[in-house]
Amino acid sequence: MGVIGKRVAYYPGCSLEGAARAYDVSTRIVARELGLELDYLEDYNCCGAMESKNITFMGTLLLNARNMSLARKQGHDVIVAPCNGCSFSLQRAEYFLQTDSKIFERVNALLKEGGVDPLDKIPETYHILEWFYHEAGPQKVKEKTKRPLRGLKVANYYGCLYTRPHFYARTYSHAGGQSEEARPRRRETADDDEHPYYMNALLEAAGATSVEFEPMHTQCCGGPHSLSDEQVSEKFVMMILQTAKRNGADIIATECPLCHASLEMYRHRLMMKGVPDVDVPAAYFTQLLGLAFGYSANDVKLKDNLSDPLPVLKRLGLA
Amino acid sequence: MAIHERSLVEPERIVRKERLVIDGVDVSGDWNLIILPRVINDYDLDFAKEIINSPDGKTITLCYQCSYCTASCPVHNYWDERYNPRHFIYLARLGLIDELQKRADVMWRCVSCHKCTHRCPKGVLVEEVLKVILRTMAKKGLIDEYPSKKFDKFFTESVLEYGRIEDGELLFGWIEKQGYNVVKDPILKKPIPFLGETPEWLKQLVMKPIKSMNISFLVLNAKHMLFHPRTKSWNKFKQVLRKVMQEEGALT
């Protein structure tokens, strides 16, 4: 604990200021309760997500380098992002900037040309879940819990990019079987790569029960294709929702606005088609933590969730 | 006998005989399945060179074809077994472009979940390499415009213009690109939600915040659609981005 720092640069990403407002609001609540401080990254730009990198390599690096430069300007060595896509993009940029000095020099020159301070140092990027776990941890969550989520069966959905790939997220790979020395970039704070458990631990500390959800907890929701390749996304979401439902989940906890949107959108479409066992609602894990800390459903913006977790939570007396 | 990766062999090249005698020995039973040979002679080695020379594609040389990427891939396992990252890398390295073209209809279906990259024991950035293969094919005019590329372009243009994206505009703009007849306002030329044709599921989905009177959520999103959130000091940076993209041939 205490590796990352209690005060960090907060990169919300575009969707947290729009459709995923609930995640932003609840994240701030949870951070405040846990005694952590988020320093909003002023005038940031889009990270390019999963889309821009397929169009332009250098352009995507530049987009992320600009955000890194903003963080440096605000005096931070650490950026925390609540979105899997954003943290992936920043970590990807970190990887290429660190491993290739030519790219680093070129990016710096281009930043200067674009009127942005060049990078004197490459800040590290963490997912917000990792930060909560390492700077506050389950113990602190337990202390702060006023209204335990007793009886709530949660399927913890991590999505694909939270621990992957280990080149960027710097997790330890179970598959590679390489020695410690061969992995100089491994990160102490990273979650288990194939069996992540940070969200389970935090929500269980708040009184919830985790249901069996492997291997769907890191199965892709088809997010980057959720608009352009509807058939694949629909199938993947169906598999995720049905596994959750059949293992007895009341709710799916998410930690990425893209996964969340994809789950909600396709849940609705699957229900319209009459597919069985897909009616599990989704909520951000921060919303659930906020409820446990004694905040009301209105405070954590539960009404923003299109999949409507309110009835389930009300039934259990949690909202 | 089972054929490993059967989807890689054209069905007409798989011959199963009732009885088979070779050199006077009856090999009927398990051994009566034959894959007819084929001759390939149109290698394009420049194709591989172009991939190796790009910063995100150079790890293609490390691949030793163990197929862990394919075994991990959800698109291969749950959608279409013709989507086979290991095979795409193999074909690209040999420069077998017509074989790649035959698979163009599934090649774009990668969902970027990075399981392949993550599990690769050799350190190939598989997902990135596959995207470079696609990019190179598109640049050479070997592959038609495919849906995910159209979306990626649409997305990137929005980022380039404003520095940020906006969910509503992305959604309705994309619906328009898919051929729905969307009504646009005369001044800003932006699609007005729900005035024209809209998919039924979307109408119903948006009824939810309206029904539960979640006014603040609707107002926020409407505001963002009208006044696209933008990064303030963007103009100078935009020029640099545009220049870089032009160098890469990403802007047409």
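Going by what an unreviewed UniProt entry lists, chain B is known as Heterodisulfide reductase subunit C and is assigned to Thermocrinis ruber.

Going by the annotation in an unreviewed UniProt entry, the name recorded for chain A is Disulfide reductase, with Thermocrinis ruber given as the source organism.

A. The overall build of chain B, seen in detail. Helix and strand counts for chain B stand at 13 helices and four strands. Whereas a compact globule of 252 residues would reach a radius of gyration of roughly 18 Å, chain B reaches 24 Å, over 25% beyond that. Considering only C-alpha atoms, chain B reaches an extent of 85 × 45 × 30 Å along its principal axes. In chain B, which comprises 252 residues, the share counted as buried stands at 50%. Restricting the contact set of chain B to residue pairs at least 6 apart, pairs at least 24 apart contribute 58%. Taken as a whole, chain B presents about 13100 Å² of accessible surface, with 56% of it coming from carbon and sulfur. Distance between charge centres in chain B, computed from 39 positive and 33 negative side chains, equals 6 Å.

B. Representation of the domain arrangement of chain B within the structure. According to the domain assignment, chain B consists of domain 1 (1–39), domain 2 (45–140) and domain 3 (148–248). Computed over C-alpha atoms, the centres of domain 1 of chain B and domain 3 of chain B are 54 Å apart.

C. Here's a closer look at the packing of helix α7 (residues 137–144) of chain A against helix α9 (residues 198–205) of chain A. All names here are of chain A. Across the interface, α7 lies against α9 with an axial gap of 8 Å and an inter-helix angle of 25 degrees. Overall, the two elements α7 and α9 adopt an arrangement that is roughly parallel. Relative to α9, α7 is oriented so that their crossing is right-handed. Judged by residue contacts, G137, P138, V141 and K142 of α7 engage A201, L202 and A205 from α9. Grouping the amino acids of the contact of α7 with α9 by side-chain chemistry returns five nonpolar, one polar and one charged.

D. Looking closely at the interface of chain A and chain B. Facing the 76 residues of chain A at the interface are 70 residues of chain B. Across the chain A/chain B interface, buried area totals approximately 6700 Å², and carbon plus sulfur atoms make up 62% of it. When the area that chain A buries against chain B is broken down by residue, the three leading residues are I55, L227 and L306 of chain A, summing to 10%. The interface formed by chain A and chain B contains eight salt bridges. Of the charged contacts in the structure, one is a salt bridge between R119 of chain B and E194 of chain A, with a shortest N-O distance of 2.6 Å. In this structure, the connection of chain A to chain B is made through 32 residue pairs in polar contact (both at pLDDT 80 or more). Across the side of chain A that touches chain B, the residue classes break down as 33 nonpolar, 22 polar and 21 charged.

E. Molecular detail of the packing of helix α3 (residues 57–73) of chain A against helix α4 (residues 84–99) of chain A. Residue and element names in this part refer to chain A. Between α3 and α4, whose axes approach to 9 Å, the crossing angle comes to 105 degrees. It follows from the interaxial angle that α3 and α4 lie roughly perpendicular. Across the interface between the two elements, F57, T60, L61, N64, N67 and M68 of α3 pack against S89, L90, R92, A93, E94, F96 and L97 of α4. In terms of residue class, the contact of α3 with α4 is made up of seven nonpolar, four polar and two charged.

F. Spatial organisation of the sheet that holds strand β7 (residues 251–254) of chain A. Residue and element names in this part refer to chain A. Taken in spatial order, the four strands of this open sheet run β6-β5-β7-β8, and their pairing is parallel. At either end of the open sheet lies a strand with only one pairing partner, and these are β6 (209–210) and β8 (282–284). Looking at chain direction, strand β5 (residues 153–156) and β7 are connected through three bridges and run parallel. Within the sheet, the bridge partner assigned to N156 lies in β7 and is A253. Contacts from α9 reach β5, β6 and β7 within the one sheet, and its direction differs from that of β5 by about 160 degrees.

G. Inspection of the UniProt feature "domain: Cysteine-rich" (unreviewed entry) in chain A at higher detail. Residues annotated in UniProt with the feature "domain: Cysteine-rich" (unreviewed entry) correspond here to residues 8–90 and 194–263 of chain A. Strand forms 13% of residues 8–90 of chain A and helix 49%; the C-alpha atoms that close the span are 15 Å apart.

Criteria and thresholds
- Residues numbered from 1 in each chain as written.
- Chains lettered and ligands numbered in written order.
- Predicted model: local features only at pLDDT ≥ 70, side-chain atom pairs only at ≥ 80, totals over all residues.
- Heavy atoms only, no water.
- Helix = DSSP H or I, 4+ residues; strand = E, 2+ residues; numbered from the N terminus.
- Rg over C-alpha atoms; globule rule 2.2 N^0.38 Å.
- Buried < 20%, exposed > 50% of the residue type's maximum accessible area, 1.4 Å probe, protein only.
- Contact = heavy atoms within 4.5 Å.
- Areas by Shrake-Rupley, 256 points an atom, 1.4 Å probe, with all protein chains shown as cover.
- Lys, Arg positive; Asp, Glu negative; His and termini not counted.
- Charge placed at Lys NZ, Arg CZ, Asp CG, Glu CD.
- Domains from an automatic or database assignment.
- Axes fitted to C-alpha atoms, helices over the stretch in contact; angles between N-to-C directions.
- Parallel < 35°, antiparallel > 145°, perpendicular 65-115°, else oblique.
- Left-handed = near helix turned anticlockwise from the far one by under 90°.
- Nonpolar A, V, L, I, M, F, W, Y, C, P; charged D, E, K, R; others polar.
- Buried area = accessible area lost by both parts, 1.4 Å probe.
- Salt bridge = Lys/Arg side-chain N within 4 Å of Asp/Glu carboxyl O.
- Polar contact = N/O pair within 3.5 Å; in protein donor to acceptor, adjacent residues only side chain to side chain.
- Pairing = 2+ DSSP bridges.
- UniProt positions renumbered as here; feature names shortened; annotations may be inferred.

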